[in-house]
Amino acid sequence: MSNDLSFHILTSYSEVSMHLPAVVAAADNNKHALGFFPKSVFTDFARRELLFVIATRDGQSDEYAGHLLFDVTFPKAHVRQIYVKNIYRGHGLGRLILDALKAQLTSLQYISIQARVAEDLQDANAFWEAQGFYPQRVSTGGQTKKRMIVVRAHELETPQLFQPSGISVTNPLGFENKLEDIRPLLLLDLNVLFDLGPRRARHEQAIAVFRAERGQTCSLAISSEIDAELKRTAHKGKTDPMQALARALPRFPIPPVEYTDVLCPQLAKIVFPDRTAANSLTANDISDLRHLATSIFHGLHGLITSDSSILNCSAQLRKEFSIEVISPESFQNDTVERRPVESQPSTAEDTLTLLTAQPDDEPSIRDILNALDVTPAAMASRWAAFDGGGHPSQRVVVRAGSNVTGYLVLAKTLLKNTLIGSIAVSESSAAASDTARLLLNFVDEQNDFSAVNRIRLHSPSKQALVREIAAGYGYSRQLANNELQKVRIGDVITEKNWGIVRRKLIECCDITLPSSPVQFSHIDQQISVGRADGELALLSIFRLESLFSPGLFCLHGRKGVLVPVQPQYAEPLLNHSPQLSLLPRSRAQLSRQRHYIGGPATIRSFTRGDIILFYESGRHSAQVVALARVAGAYQRDMNLIDHEDLAPSVLEEKLLTEIGKAKFKTIVIFENIIRFRRPVPMETLQKLKCGEPHQLLTAQRLSAEQVQGILQLGLNV
């Protein structure tokens, strides 16, 4: 077929009518995917100009290439059929004809388009997802086939009285799309201001507080009570520089008397119980209580103070008044010593090394940021590019040989279960892709094993490669501010911990799972999820696991496969050991999706979405050490296996014969790796009837009950 084909879309009845026989024939030959409509329906829709045909010129006549059948009930349209002939697929004709419908409906002020797609049609659902149609609900299909139907919707860019819901493929979890960051607003106690004096014992702690504001970790303010305190403590005849500093900060007034008269006595009983009982509160005590009352009255995040009496009551104040009392010590950088140096081979010639950023790295950091048009002001604040070792944020660089190829700064945030940072990669480097993966893996490893965390990474506008790779890790892009966001669940989700995970998601990011665990049917079944913006969305289990990675929905009914891994390959492939290694990491660990290579017959054992359990088959010990999700599997001639197949595995071409001499090999793509807290021994596998030792030398299918039994012991779920 010629590559010079030109396609055009026919919409009027006079143009479409001559192609009706071809449309009917195509629909009749593809009833499984398109459903059945009588011939009269196509004629009727054509007359109403609700049938589009896409055609290509063949000599003097148009040849039918595909069609789109739709219905309208203002302000909504419904796609009934979309079809492209096999010989014309791969030219983007489905998108072309659908874009024509979107354009026409937008001009007519329609608000949305719906399409009904069978849940089991993976390719069709992938197409609609790519065209911006998000799952809206699931309904039951006809009685004959009893298929589950995903109702998908696309909101048109039509000027509307009411704003669109914001649900989109690029922002499925409904994160806010605003320019401002989430930064807690904190009130400063006077003792923190005084500690700015160079001879004060807590001088470095006070400096760290103001560095945190400059790094956009938090915002600082004072109460009007500060003025009264400064006047009370000032030396007569001397100018107090603290008064000038106080005037430079935002100020919140003390609450009305009728409010403080009620609140301050309550606070006094908590903070100063003995002096309150003795009716001997000092002027400083009363001032401290007014600071707390100001924070509570104005709904601020908390108070920064060095006063031990207030700090000792922080848990009770949080419980009763939802206010955080924070010590300046919390802002100091205490993370440098616990970061290991990591080295990994790259696709480039140099080995990549992840290191704590040093003052000598700052010229290279500025070069990377300058190339990305980051302003000097942003370098000094958000990026902490000029701070040497004194900034409270974590700052790391990636080196390929002697060159800095990437930079990451993670702010010391005070928000619970939230990680905020900025990432930049020199995309002109041959190691750019691997640099981005290494930095994103480092971010992932900063989170607790079983925690639910929200991650927000700012990325400059010229970082298309970073955003592309981040999407594979489950990050959503916020277009307004080039921010990458994701929710990370570090554990499996089961019926037993469903309520705990649900509560953590609400607390962390206002995302709500159904109140009761769902019964697992298949990996593409849709779950109703309350988004962060209050909208409801339908997302498949597979999609949710990608967004929440590495979290896996290990629900009753989900089957799996048990695969053997030789000890010398297990740790390089899975990184499952809790002990840090001084050796460089394998290149496979750079990949979010990794490859397990087995014999040709094993391909029958793997189904997309299965739980894959890794059985370390040592001579002296045999145990299940980790689990993951099967993303797919394929076969390849051993002589044609190339770098793309081997790089995400831990095998080299010369080692392929160790897993059998068969000509073809099965390559299994797996992701979302979770290591077991407690490896599951062979004795347990035998009790669960998973197979005898000689049977476990190859892949074994597991029932849903066997998967649950292994998880219960290995992860205590």
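**Description of the overall build of the protein chain**
Assigned secondary structure in the protein chain consists of 25 helices and 30 strands. Residue burial in the protein chain is summarised as follows: out of 717 residues, 52% are buried. Nonlocal contacts in the protein chain, meaning residues at least 24 apart in sequence, comprise 68% of its contacts between residues at least 6 apart. Accessible area for the protein chain stands at about 33,100 Å²; split by element, carbon and sulfur atoms hold 51% of it.

**Notes on the side chain of Asp288**
Topologically, Asp288 is positioned in helix α13 (residues 283–297). Among buried Asp, Glu, Lys and Arg side chains, Asp288 stands out as unpaired, with Arg275 the closest opposite charge at 6.9 Å.

**Describing the pattern of salt bridges**
With the rule as written, the count across this model stands at 26 salt bridges. Note that Arg95 and Asp99 form a salt bridge whose closest N and O atoms lie 3.4 Å from each other. Remark: Asp99 and Arg95 occur in helix α5 (residues 93–107); sequence separation between them is 4 residues, near one turn of the helix. Overall, Asp99 belongs to the partly exposed group, its relative accessible area being 32%. Among the ionic pairs, Arg608 bridges to Asp524, the shortest N-O distance being 2.9 Å.

**Examining helix α20 (residues 498–509)**
With 12 residues, α20 should cover 16 Å at 1.5 Å per step; its first-to-last C-alpha distance of 16 Å lies within 8% of that length. Taken together, the buried positions of α20 are occupied by Trp498, Val501, Leu505, Cys508 and Cys509. All buried residues of α20 lie within an arc of 105° about the axis, which places them on one face of the element. Of the surrounding elements, those touching the buried residues of α20 are β18 (452–458), β20 (483–489), β21 (492–493) and β24 (552–553). One or two steps after α20, the chain reaches Asp510, where phi turns positive at roughly 60°.

**So, the confidence of the model for the protein chain**
Within the protein chain, residue pLDDT values average 83, and 85% of them lie at 70 or more. Taking the mean pLDDT of every element in the protein chain, the minimum, 63, falls on strand β13 (residues 342–344) and the maximum, 96, on β24. Across residues 334–340 the pLDDT falls below 50, and counting only partners more than four positions away or on other chains, this stretch makes 10 contacts in the model.

**Examining the packing of helix α18 (residues 432–445) against helix α19 (residues 464–472)**
Between α18 and α19, whose axes approach to 10 Å, the crossing angle comes to 50°. As judged from the angle between their axes, α18 and α19 are oblique. In the crossing of α18 with α19, the sense of the turn from one axis to the other is right-handed. Facing α18, whose interface residues are Ala432, Ser433, Ala436, Arg437 and Leu440, α19 presents Leu465, Val466, Ile469 and Ala470. Looking at the contact of α18 with α19 residue by residue, the classes come out as 7 nonpolar, 1 polar and 1 charged.

**With respect to the sheet that holds strand β12 (residues 324–326)**
Ordered in space as β10-β9-β8-β11-β12, the 5 strands form an open sheet in which the pairing is parallel. Sheet topology places β10 (251–252) and β12 at the edges, where each strand pairs with a single neighbour.

**Structural notes on the sheet that holds strand β25 (residues 560–565)**
Strand pairs in the sheet, formed through backbone hydrogen bonds, run parallel or antiparallel to each other. Strand order in this open sheet of 6 strands is β26-β29-β28-β27-β25-β30, and the pairing throughout is mixed. The open sheet has two edge strands, β26 (594–598) and β30 (700–702), and neither has a second partner. Between one strand axis and the next, the sheet turns through 40° on average, direction left out of account. Examined bridge by bridge, β25 and β30 share 3 bridges and lie antiparallel to one another. Opposite Gly560, over in β30, you have Leu702 as the bridge partner. Against the sheet, helix α25 (residues 704–715) contacts β25, β27 (611–617), β28 (622–637), β29 (664–681) and β30, and its axis sits at roughly 45° relative to β29.

The rules behind each value
- Residues numbered from 1 in each chain as written.
- Predicted model: local features only at pLDDT ≥ 70, side-chain atom pairs only at ≥ 80, totals over all residues.
- Heavy atoms only, no water.
- Helix = DSSP H or I, 4+ residues; strand = E, 2+ residues; numbered from the N terminus.
- Buried < 20%, exposed > 50% of the residue type's maximum accessible area, 1.4 Å probe, protein only.
- Contact = heavy atoms within 4.5 Å.
- Areas by Shrake-Rupley, 256 points an atom, 1.4 Å probe, with all protein chains shown as cover.
- Lys, Arg positive; Asp, Glu negative; His and termini not counted.
- Salt bridge = Lys/Arg side-chain N within 4 Å of Asp/Glu carboxyl O.
- Expected span 1.5 Å × (residues − 1).
- Arc of directions from axis to C-beta.
- pLDDT = per-residue confidence, 0-100.
- Axes fitted to C-alpha atoms, helices over the stretch in contact; angles between N-to-C directions.
- Parallel < 35°, antiparallel > 145°, perpendicular 65-115°, else oblique.
- Left-handed = near helix turned anticlockwise from the far one by under 90°.
- Nonpolar A, V, L, I, M, F, W, Y, C, P; charged D, E, K, R; others polar.
- Pairing = 2+ DSSP bridges.

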